[in-house]
Amino acid sequence: MTPPLTLPPPDEAERPLLRLVRSTGFKLAALHAVLLVLSAITLGGFFWWSTAGYLNRQTDQTVRTDVLLLSARWREDDQTAIARAIAQRLAEDADDEAIYLLTDPAGTVLAGNLDRWPGAANAEGQWYELPLVRAGAATVGRIYVLDLPDGARLLVGRDVKQRLSLRELVADAVLYGTGLAVVLAALGGVLVRRLLQSRLAPVAETATAIGHGDLSHRVPLSGADDDFDRLAETLNAMLDRIGVLMEGVREVSNAIAHDLRTPLARLRGRLEESLGSGDPASLRVAVERGIAELDGIIGVFHALLRIAEIEAGARRSAFAAFDLAAVLADAADLYGAAADERGLVFDVSLPQALPMVGDRDMLLQAVANLLDNAIKFTAPGGAVRLTAVRHGAEVAIAVADQGPGIPPEERGRVVERFYRAEASRGTPGSGLGLALVQAVAQLHGGMLQLEDAGPGLRATLVFPAPEPQVDAEPPLAAVV
Amino acid sequence: MRILLVEDDKDVARFVMKGLKESGHIVDHADQGRDGLFLAASEQYDVIVLDRMLPGGMDGLRLLETLRATGAKVPVLFLSALAQVDERVKGLKAGGDDYLTKPFAFTELLARVEALGRRGRSEGPVTRLSVADLEMDLLARSVKRDGKAIDLQPREFRLLEFLIRHAGQVVTRTMLLEAVWDYHFDPQTNVIDVHVSRLRQKLDRGFSFPLIHTVRNAGYMLRAEP
């Protein structure tokens, strides 16, 4: 077994017993032992009550009946009749359990199988459980004493020695059972603790390695497909997610290093150059261009942070139910004028209502980016088309243009930060628009598909639709 | 207007104060939260410009929450480097009226401050707005210029309403996007310009003088004089 990786405090390390007592395994085993002892006692008690107790109650009943019959015999006859009856009963007693004794007022034994009257049993109408000497052998009897009217005394009882030994047997069983349970529990405690530790040690090991900065570690699965494996899977999924986020951060810093340094260098050069010119007019122009350049850099900076924010999943807290159709109609309204101005046909086809759960602002920005691109890349006279439909369990928002499109081999790369397709190099833009759209799609558990619209590009955002309140598909209505 | 600026960065504070004073405003400055709260609670201001991260144990959010708890209704503009959407929401929830993220253009700050100061003075709901020969009936949703009815789309109506309510003030593109379209991001193309130019065509074409003016490097202004 691998030793635990996290070192316990020194005072505990020196006292292994304390550590054992504090371990979860030991606590579990102790609880188990308590339950075991309780159930042993309960079981023994019930067993006793239902066997020995039952026999006791039956004995009492028999003795009581006997006493009744004998006292009746006395009333109709005399002492000799009772003595005869007793002798007869003793002779017929096959179980060898009966105890009888009849004495006259002087205490002389008239009949029965006891040598003398037991000293302790002197009150009339009482039950006693006493050690006796019966037929010369020491035993224990449960007896009932009755004073007859002429001063004679009758004692009737049963030998209960065997019953007592049965009781002792049950008590012993409970006692030893308890002892055994405690021993088993202690063993179990050590065993469970070892088992738990052998399963938890790899988790602790992984956590420690990650704590030291090595994110490649994963918790190994035992293959048993049990709770621990599931915990390990959950932890691994979490670590994968953290890995992806870390990778994202690294990518962003690379991108910033690469793509923000260029405009910064340009800006710096321009300002330095204008400083040397000495002409106030050109100085002013340089400063104005510098500010414009800075605004561009700030925009890129904003967009990068926004993408990172979305990718971190932090915006999921802003998810709410809203009508996507209304949001898209708003976007269409905002961009319709721009499309008109550029001489484009702007064709909008939206359902009357399209329930969606997500981040309204983010979806709006994603669609706005797609419309921005579509209008920017389509030549005057062309058409831009915005559609939204619900296909069963999916909601699809498509923006199609008649621009140059994106060649298939570049489609995978245009969603990367700062990547700009060949055809777009001449147009203004940061190369972050589609990266943001992609991030928004992923935030909503959907994806961005880029296809050839022949001619042009069709960008489709596909999302899983929210659970439908009403399954009926709303009829399509043209809204422009 | 009397403006309180609570900002710990000396350069930003100096630059904002200089700009606001040049625009004819009186500016007080506090460089930490407690002083800011003291000034805000003891003096009468038309607008407070408040940084979020402040030294002195009291940040902008706490300052504003404390101030609002005393019943002060003075308009507050947050000026913060915390640009995430959630941060913006936090600022507005704490009682802020507007939120501007750093870095910012001074024209944007000035336009927003003046818009807030104006809003503080308006009394009760109005049903009619007018500037020069332009009249807007908010109930009938009709617009007339020089007695002639002008037909506007609903969105154009809202755009014009915002411009009239801020007549004589610079209104930036971002302010229009936020107020008229409820957008909180910058579109890459200048979609707002297209809408304003359409509105301008309907409003100004065929009349003796233009009402909508473009303010270079800032935005737009609706005013009567040329």
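Residues numbered from 1 in each chain as written. Chains lettered and ligands numbered in written order. Predicted model: local features only at pLDDT ≥ 70, side-chain atom pairs only at ≥ 80, totals over all residues. Heavy atoms only, no water.

A look at the overall build of chain A
Turning to step 1, where the next piece is worked out: Within chain A one finds 13 helices and 13 strands.
Turning to step 2, where the next piece is worked out: For chain A, the residues scored as buried account for 39% of the 480 residues in total.
Turning to step 3, where the next piece is worked out: Residue pairs in contact within chain A that sit at least 24 positions apart in sequence constitute 61% of those at least 6 positions apart.
Turning to step 4, where the next piece is worked out: Summed over its atoms, the accessible surface of chain A is roughly 26400 Å², and 61% of this surface lies on carbon and sulfur atoms. (Helix = DSSP H or I, 4+ residues; strand = E, 2+ residues; numbered from the N terminus. Buried < 20%, exposed > 50% of the residue type's maximum accessible area, 1.4 Å probe, protein only. Contact = heavy atoms within 4.5 Å. Areas by Shrake-Rupley, 256 points an atom, 1.4 Å probe, with all protein chains shown as cover.)

Comments concerning the interface of chain A and chain B
Turning to step 1, where the next piece is worked out: Each partner contributes to the interface: chain A provides 28 residues, whereas chain B provides 23 residues.
Turning to step 2, where the next piece is worked out: Of the roughly 2300 Å² buried between chain A and chain B on both sides combined, carbon and sulfur atoms contribute 50%.
Turning to step 3, where the next piece is worked out: For the interface between chain A and chain B, the tally reads five salt bridges.
Turning to step 4, where the next piece is worked out: Residue Arg216 of chain B is joined to Glu288 of chain A by a salt bridge in which the shortest nitrogen-to-oxygen separation is 3.7 Å.
Turning to step 5, where the next piece is worked out: For the interface between chain A and chain B, the tally reads six residue pairs in polar contact (both at pLDDT 80 or more).
Turning to step 6, where the next piece is worked out: Sorting the residues of the side of chain A that touches chain B by element identifies helix 9 (280–311), helix 10 (324–341) and helix 11 (360–377) of chain A as the ones contributing at least two each.
Turning to step 7, where the next piece is worked out: Counted by class, the side of chain A that touches chain B contains 10 nonpolar, six polar and 12 charged residues. (Buried area = accessible area lost by both parts, 1.4 Å probe. Salt bridge = Lys/Arg side-chain N within 4 Å of Asp/Glu carboxyl O. Polar contact = N/O pair within 3.5 Å; in protein donor to acceptor, adjacent residues only side chain to side chain. Nonpolar A, V, L, I, M, F, W, Y, C, P; charged D, E, K, R; others polar.)

Quick word on a nonpolar patch on the surface
Turning to step 1, where the next piece is worked out: A cluster of nonpolar side chains, contributed by Leu180, Val183, Leu184 and Leu187 of chain A, occupies part of the molecular surface with about 400 Å² of accessible area.
Turning to step 2, where the next piece is worked out: Using a relative accessible area of 49% as the deciding quantity, one classes Leu184 of chain A as partly exposed. (Patch = residues over 30% accessible without salt bridge, like charges linked within 9 Å, V, L, I, M, F, W, Y side chains within 5 Å.)

Quick notes on the packing of helix 11 of chain A against helix 13 (residues 433–443) of chain A
Residues and elements named next belong to chain A.
Turning to step 1, where the next piece is worked out: Running from N to C, helix 11 and helix 13 cross one another at 145°; their axes reach a closest spacing of 9 Å. The crossing of helix 11 and helix 13 is left-handed. Within the contact between the two elements, helix 11 uses Met362, Leu363, Gln365, Ala366, Asn369, Leu370 and Asn373 and helix 13 uses Gly433, Leu434, Leu436, Val437 and Val440.
Turning to step 2, where the next piece is worked out: Considered class by class, the residues forming the contact of helix 11 with helix 13 number eight nonpolar, four polar and no charged. (Axes fitted to C-alpha atoms, helices over the stretch in contact; angles between N-to-C directions. Left-handed = near helix turned anticlockwise from the far one by under 90°.)

A closer look at the environment of Leu155 of chain A
Residue and element names in this part refer to chain A.
Turning to step 1, where the next piece is worked out: By secondary structure assignment, the location of Leu155 is in strand 5 (residues 153–159).
Turning to step 2, where the next piece is worked out: By relative accessible area, Leu155 is classed as buried at 0%.
Turning to step 3, where the next piece is worked out: Separated by 53 residues in the primary sequence, Leu155 and Leu102 have C-alpha atoms spaced 6.4 Å apart.

A closer look at the environment of Asn56 of chain A
Residue and element names in this part refer to chain A.
Turning to step 1, where the next piece is worked out: Relative to the assigned elements, Asn56 resides in helix 4 (residues 52–76).
Turning to step 2, where the next piece is worked out: For the pair Asn56 and Arg158, spaced 102 residues apart in sequence, the C-alpha to C-alpha distance is 9.8 Å.
Turning to step 3, where the next piece is worked out: Setting aside residues up to four positions removed in sequence, Asn56 forms contacts with Arg142 and Arg163.

A closer look at the pattern of salt bridges
Any two side chains of opposite charge can pair, so long as their charged atoms come close to each other.
All names here are of chain A.
Turning to step 1, where the next piece is worked out: One pass over the structure, following the stated rule, counts 43 salt bridges over all chains.
Turning to step 2, where the next piece is worked out: Where Arg199 meets Asp229, a salt bridge forms, and the shortest distance between an N and an O atom there is 3.3 Å. Of this pair, Arg199 sits in helix 6 (residues 161–211) while Asp229 sits in helix 7 (residues 227–259), and the two are 30 residues apart along the sequence.
Turning to step 3, where the next piece is worked out: Overall, Arg199 belongs to the partly exposed group, its relative accessible area being 21%.
Turning to step 4, where the next piece is worked out: Across the pair Arg218 and Asp240 runs a salt bridge whose closest N-O atoms are separated by 2.8 Å. Of this pair, Arg218 sits in the loop between helix 6 and helix 7 while Asp240 is found in helix 7, placing the two residues 22 residues apart along the sequence.

Looking at the nonpolar core
Across soluble globular proteins, nonpolar side chains show a tendency to be buried alongside one another.
Turning to step 1, where the next piece is worked out: Leu324, Leu371, Leu386 and Leu461 of chain A together with Leu160, Leu176 and Leu222 of chain B are the most contacted members of the largest nonpolar core, which has 104 residues in total.
Turning to step 2, where the next piece is worked out: Examining the composition of this core, we find that 11 residues originate from one element, helix 10 of chain A, more than from any other.
Turning to step 3, where the next piece is worked out: Apart from residues no more than four positions distant in its own chain, Leu386 of chain A is found in contact with Leu328, Ala332, Phe346, Asp347, Val348, Ser349, Val367, Leu371, Ile397, Ala398 and Val399 of chain A.
Turning to step 4, where the next piece is worked out: Residues Leu61, Val74, Val76 and Phe78 of chain B belong to the second largest nonpolar core, which totals 20 residues. (Core = buried A, V, L, I, M, F, W, Y, C linked by side-chain atoms within 4.5 Å.)

What to know about the packing of aromatic side chains
Turning to step 1, where the next piece is worked out: The tally for this structure, following the rule as stated, stands at four aromatic pairs over all chains.
Turning to step 2, where the next piece is worked out: By way of ring pairs, the aromatic residues Phe15, Phe104 and Phe106 of chain B are connected into one cluster.
Turning to step 3, where the next piece is worked out: Lying across the ring of Trp49 of chain A, Arg57 of chain A places its NZ or CZ 5.1 Å from the centre.
Turning to step 4, where the next piece is worked out: We note Arg145 of chain B situated over the ring of Phe209 of chain B; from NZ or CZ to the ring centre the distance is 4.9 Å. (Phe/Tyr/Trp six-rings, centres within 6.5 Å; stacked < 30°, edge-to-face > 60°. Lys NZ or Arg CZ within 6 Å of the ring centre and 35° of its normal.)

A few points about helix 13 of chain A
Residues and elements named next belong to chain A.
Turning to step 1, where the next piece is worked out: By the criterion of burial, helix 13 is predominantly enclosed, with nine of the 11 residues buried.
Turning to step 2, where the next piece is worked out: Inspection of helix 13 places Gly433, Leu434, Ala435, Leu436, Val437, Ala439, Val440, Ala441 and Leu443 among the buried residues, and these make up the whole buried set.
Turning to step 3, where the next piece is worked out: Close packing links the buried residues of helix 13 with helix 9, helix 11, strand 11 (447–452) and strand 12 (457–464).
Turning to step 4, where the next piece is worked out: Where helix 13 ends, the next residue or the one after it, Gly445, has phi of about 70°, a positive value.

Description of empty space enclosed by the protein
All names here are of chain A.
Turning to step 1, where the next piece is worked out: As enumerated under the stated definition, the model contains two cavities of 30 Å³ or more in all.
Turning to step 2, where the next piece is worked out: There is about 40 Å³ of room inside the second largest cavity.
Turning to step 3, where the next piece is worked out: Taken together, Trp48, Asn56, Glu129, Val160, Arg163, Leu164 and Arg167 form the lining of the second largest cavity.
Turning to step 4, where the next piece is worked out: It is helix 6 that provides the largest number of residues to the lining of the second largest cavity, a total of three residues.
Turning to step 5, where the next piece is worked out: Counted by class, the lining of the second largest cavity contains three nonpolar, one polar and three charged residues. (1 Å grid on protein atoms, 1.4 Å probe; cavity = no way out; pocket = protein on both sides within 12 Å on 5 of 7 lines; lining within 4 Å. Points joined across faces, edges and corners; volume = space filled by probe spheres on them.)

Notes on the packing of helix 9 of chain A against helix 13 of chain A
For any two helices packed against each other, one specifies the crossing angle of their axes together with the interaxial distance.
Residue and element names in this part refer to chain A.
Turning to step 1, where the next piece is worked out: Packing of helix 9 against helix 13 leaves a shortest axis separation of 9 Å and a crossing angle of 20°. The angle between the axes of helix 9 and helix 13 places the two elements in the roughly parallel class. For the pair helix 9 and helix 13, the sense of crossing is left-handed. Contact with helix 9, carried on its side by Arg306, Ile307, Ile310 and Glu311, involves Ala435, Leu436, Ala439, Val440 and Leu443 of helix 13 and no other residues of that element. (Parallel < 35°, antiparallel > 145°, perpendicular 65-115°, else oblique.)

Brief notes about the sheet that holds strand 1 (residues 2–6) of chain B
Residue and element names in this part refer to chain B.
Turning to step 1, where the next piece is worked out: Pairing is parallel across the open sheet formed by five strands, whose spatial order is 2-1-3-4-5. The sheet is open, and its two borders are formed by strand 2 (26–30) and strand 5 (98–101), each paired with just one other strand. Shown here is a sheet whose adjacent strand axes are inclined to one another by a mean of 20°, direction ignored.
Turning to step 2, where the next piece is worked out: Pairing analysis gives five bridges linking strand 1 to strand 2, with the strands arranged parallel. Opposite Leu4, over in strand 2, you have Asp28 as the bridge partner. (Pairing = 2+ DSSP bridges.)

What to know about a negative patch on the surface
Turning to step 1, where the next piece is worked out: A surface patch of negative charge is lined by Asp8, Asp9, Asp31 and Asp35 of chain B.
Turning to step 2, where the next piece is worked out: Mapped onto the elements, Asp31 of chain B comes out in the loop between strand 2 and helix 2 (33–42). (Lys, Arg positive; Asp, Glu negative; His and termini not counted. Charge placed at Lys NZ, Arg CZ, Asp CG, Glu CD.)

Quick look at the sheet that holds strand 6 (residues 128–131) of chain B
Residue and element names in this part refer to chain B.
Turning to step 1, where the next piece is worked out: The strand order 6-7-8-9 describes an open sheet built from four strands, whose pairing is antiparallel. Looking along the sheet, the strands with just one partner apiece sit at the ends: strand 6 and strand 9 (148–150). When the angles between neighbouring strand axes are averaged without regard to direction, this sheet yields 25°.
Turning to step 2, where the next piece is worked out: Two elements, strand 6 and strand 7 (residues 134–137), share four bridges in a ladder whose sense is antiparallel. Residue Val131 lies in a different strand from strand 7, and its bridge partner there is Leu134.

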